[in-house]
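So the chains spell out like this:
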Amino acid sequence: MAAIVSALAYNFFFIAPVETFTIASPHEVFALAVFIVAALIAGSLASRIREQAQAARQRAADMQALYDFSRKLAGTAKPEEVLWASVTQLQGSLGRHVVMLLPKGDDLDVVAAWPPDTELGVSELTAARWASSRSEPSGSGTGTLPNGRFQFRPLTSPHGVVGVCGFEPGTSGLDSNAERKLAAILDQAATAIDRARLSSESAEQAARLEGERYREALLSSISHDLRTPLATITGSVTSLRELGDRMSPESRDDLLQSIEEESARLSRFVANLLDMTRITAGTLQAKRDWVDVADVIRSAVERARKYFPSQSFETGIAKDLPVIRADSVLLGQVLFNLLDNAAKYGGGDPVNVYARRDGEEIVVSVTDNGKGIPGEDLDRIFEKFYRRSRSDGRSPGTGLGLSIARGFIEAMGGRIHAESPAVKKRGTRIVMRFPVTASAQKSESIFGKLDM
């Protein structure tokens, strides 16, 4: 149209006689013909370039949409989330009703659909099952069960069919561009579903292996740490029963003391197992009462001195420590576990307990003067059943004390870590930090004014 109008305008305004459509000279006829041919060729080329530019823009938009879709799938961890993202992408790309189905037992279950209230009839569900079992398209527009509204395509991964996609093809079906987009989206969805399934199975397998490792360590610990005190108690009781009248009072007292010590050891072991079970099961509920850290430290040290009469414990508590929100029972148990651990690995040297204020935190530390802990094992000592060997090669205790301490401290809102070496390139220091709340600071200032 532009070429014809331009030719007529050129004839009317520039070819003599002007302002008429008459052509007087033969060479003007040839020039006009050349002009029309050139205009037609240029118009055809311009139209083709415009179509190619539009196709390039459409391909770029499709590539960007697929990139955004793949990035969205990369952040999904469940097959259901993958299907919802796929449904949204397909509906936006094709403008058709879409349903996604996942295997559930021996059947298929509609997991995602757009519109969300889309329901499938009996014949459509049969077509979906056919697509899943035969790994080929079925439903509308195919040779298998074509009477339904939806056409179903299997989502195929390297491990087989992981789901089924259904869409409305309409009367005209899908063009080549829509078919390419559908195939690309379905391939990405199948890969993402397979990845999510494998990730879930891997996590379950890791959890099973961790449970097996935990049970093996528990049985190993129980077989040793229960057998020893029970054997001692049984032997002492047998000796008292058979030789009680013929034994000296000192020997009887020694056996009774052994029974008492081993019974206390057995009681602590069972208590540690129960505490670890509560922490692992997530049923530990720490109270958040006002606690005087100094009183708890003194109580725990006195208890440790009764259990370890030959061990020296030294305390250094700063004056005017504010109270904290914590559980006094759990905090006392933590301190006793740390003192017990320090007494076992301290090499007989004094164990130091310090408490001070550091900014907005209360810092409590327990330090021994043993051989210390290698840097690579500082984090491992808080793992369940991790035990450091003594000089004679034996591993005392159950390996639960520090793990329980960490669980209790975190339940009370605090933090705990280990430092080694502690003093003069020796020893280990376990440091606990508890936040000082605004209420505690206010109470401290009020009590300070009252004291003045």
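The structure under discussion appears in the preceding block.
Residues numbered from 1 in each chain as written. Predicted model: local features only at pLDDT ≥ 70, side-chain atom pairs only at ≥ 80, totals over all residues. Heavy atoms only, no water.

As for the side chain of serine 157
Stage number 1. Relative to the assigned elements, serine 157 resides in strand β4 (residues 151–157).
Stage number 2. Apart from the residues within four sequence positions on either side, serine 157 is in contact with Val162, Ala190 and Asp194. (Helix = DSSP H or I, 4+ residues; strand = E, 2+ residues; numbered from the N terminus. Contact = heavy atoms within 4.5 Å.)

A word on the sheet that holds strand β11 (residues 415–419)
Stage number 1. What the five strands build is an open sheet, ordered β7-β9-β10-β12-β11; its pairing is mixed. In this open sheet, the two strands that pair with only one neighbour each are β7 (313–317) and β11. Sheet twist, expressed as the mean angle between neighbouring strand axes with direction ignored, is 15°.
Stage number 2. Sheet topology places strand β10 (residues 361–368) next to strand β12 (residues 428–435); eight bridges connect them, and they run antiparallel. The residue bridging glutamate 361 from the neighbouring strand is proline 435, located in β12.
Stage number 3. Where helix α8 (residues 293–307) meets the sheet, its contacts fall on β7, β9 (351–358) and β10, and the angle it forms with β7 comes to roughly 175°.
Stage number 4. Packed on one face of the sheet, helix α9 (residues 328–345) meets β7, β9, β10 and β12 and runs near 25° to β10. (Pairing = 2+ DSSP bridges. Axes fitted to C-alpha atoms, helices over the stretch in contact; angles between N-to-C directions.)

Overview of a nonpolar patch on the surface
Stage number 1. Judged by side-chain polarity, Val37, Ile41, Leu45 and Ile49 come together as a nonpolar surface patch covering roughly 380 Å² of accessible area.
Stage number 2. With respect to the helices and strands, the residue leucine 45 is situated in helix α2 (residues 26–74). (Patch = residues over 30% accessible without salt bridge, like charges linked within 9 Å, V, L, I, M, F, W, Y side chains within 5 Å. Areas by Shrake-Rupley, 256 points an atom, 1.4 Å probe, with all protein chains shown as cover. Salt bridge = Lys/Arg side-chain N within 4 Å of Asp/Glu carboxyl O.)

Examining the packing of α8 against α9
Stage number 1. Packing of α8 against α9 brings their axes to within 9 Å, and their N-to-C directions diverge by 45°. Relative to α9, the element α8 is oriented oblique. In the crossing of α8 with α9, the sense of the turn from one axis to the other is right-handed. Taken together, the residues of α9 that come into contact with α8 (itself represented by Val296, Ile297, Ala300, Val301, Arg303, Ala304 and Tyr307) are Ser328, Leu331, Gly332, Gln333, Leu335, Phe336 and Leu339. (Parallel < 35°, antiparallel > 145°, perpendicular 65-115°, else oblique. Left-handed = near helix turned anticlockwise from the far one by under 90°.)

Some points on unusual backbone geometry
Stage number 1. Serine 420 connects to proline 421 through a cis peptide bond whose omega is 0°.
Stage number 2. Of note, proline 421 is situated in the loop between β11 and β12.
Stage number 3. The phi angle at serine 135 is positive, at roughly 55°, despite the residue not being glycine.
Stage number 4. Tracing the backbone through its elements, the reader meets serine 135 in the loop between α4 (122–134) and β3 (138–139).
Stage number 5. By relative accessible area, serine 135 is classed as partly exposed at 37%.
Stage number 6. Its identity is not glycine, yet aspartate 320 carries a phi of approximately 55°, on the positive side.
Stage number 7. Note that aspartate 320 resides in the loop between β7 and β8 (324–326).
Stage number 8. Of the residues examined, aspartate 320 reaches a relative accessible area of 67% and is grouped as exposed. (Buried < 20%, exposed > 50% of the residue type's maximum accessible area, 1.4 Å probe, protein only.)

Brief notes about the sheet that holds β4
Stage number 1. Overall, antiparallel pairing links the five strands, which are arranged β2-β1-β5-β4-β3 in an open sheet. A strand with exactly one partner marks an edge of an open sheet, and here the two such strands are β2 (107–114) and β3.

Some points on the pattern of salt bridges
Should the charged atoms of two oppositely charged side chains come close, the side chains can pair.
Stage number 1. Under the criterion given, the structure shown has 11 salt bridges.
Stage number 2. For glutamate 168, the salt bridge goes to arginine 149, with nearest N and O atoms at 2.9 Å. Of this pair, glutamate 168 sits in the loop between β5 (160–167) and α5 (176–225) while arginine 149 is found in the loop between β3 and β4, placing the two residues 19 residues apart along the sequence.
Stage number 3. Salt-bridge contacts for aspartate 340 lead to lysine 344; the nearest nitrogen and oxygen are separated by 3.4 Å. Taken as a pair, aspartate 340 and lysine 344 lie in helix α9 at a separation of four residues, close to a single helical turn.
Stage number 4. A residue is classified by how much of its surface remains accessible, and aspartate 340, at 10% relative accessible area, is buried.
Stage number 5. Overall, the relative accessible area of 30% leaves lysine 344 in the partly exposed class.
Stage number 6. Through salt bridges that share partners, Asp358, Glu361, Arg415 and Arg433 make up one connected network.

Topic: the environment of valine 329
Stage number 1. Tracing the chain through its elements places valine 329 in helix α9.
Stage number 2. You can call valine 329 exposed: its relative accessible area is 60%.
Stage number 3. A C-alpha to C-alpha distance of 8.5 Å links valine 329 and valine 296, two positions 33 residues apart in sequence.

Here's the deal with helix α3 (residues 79–94)
Stage number 1. For α3, which comprises 16 residues, the first-to-last C-alpha distance of 22 Å matches the rise-based estimate of 22 Å (1.5 Å per residue) to within 8%.
Stage number 2. Buried within α3 are the following residues: Val82, Leu83, Ala85, Ser86, Val87, Gln89, Leu90 and Leu94.
Stage number 3. Immediately beyond the C-terminal end of α3, within one or two residues, lies glycine 95, with a positive phi of roughly 70°. (Expected span 1.5 Å × (residues − 1).)

Examining α9
In an α-helix, one turn spans 3.6 residues, which is why side chains three or four residues apart end up on the same side.
Stage number 1. Here α9 is 18 residues long and its end C-alpha atoms lie 26 Å apart, about the 26 Å a rise of 1.5 Å per residue gives.
Stage number 2. By the criterion of burial, α9 is predominantly enclosed, with 15 of the 18 residues buried.
Stage number 3. Among the residues of α9, the N-terminal cap falls to aspartate 327, whose side-chain oxygen and the backbone nitrogen of valine 329 are separated by 3.0 Å.
Stage number 4. Downstream of α9 by a residue or two, glycine 347 has a phi angle that is positive, lying close to 70°. (Polar contact = N/O pair within 3.5 Å; in protein donor to acceptor, adjacent residues only side chain to side chain.)

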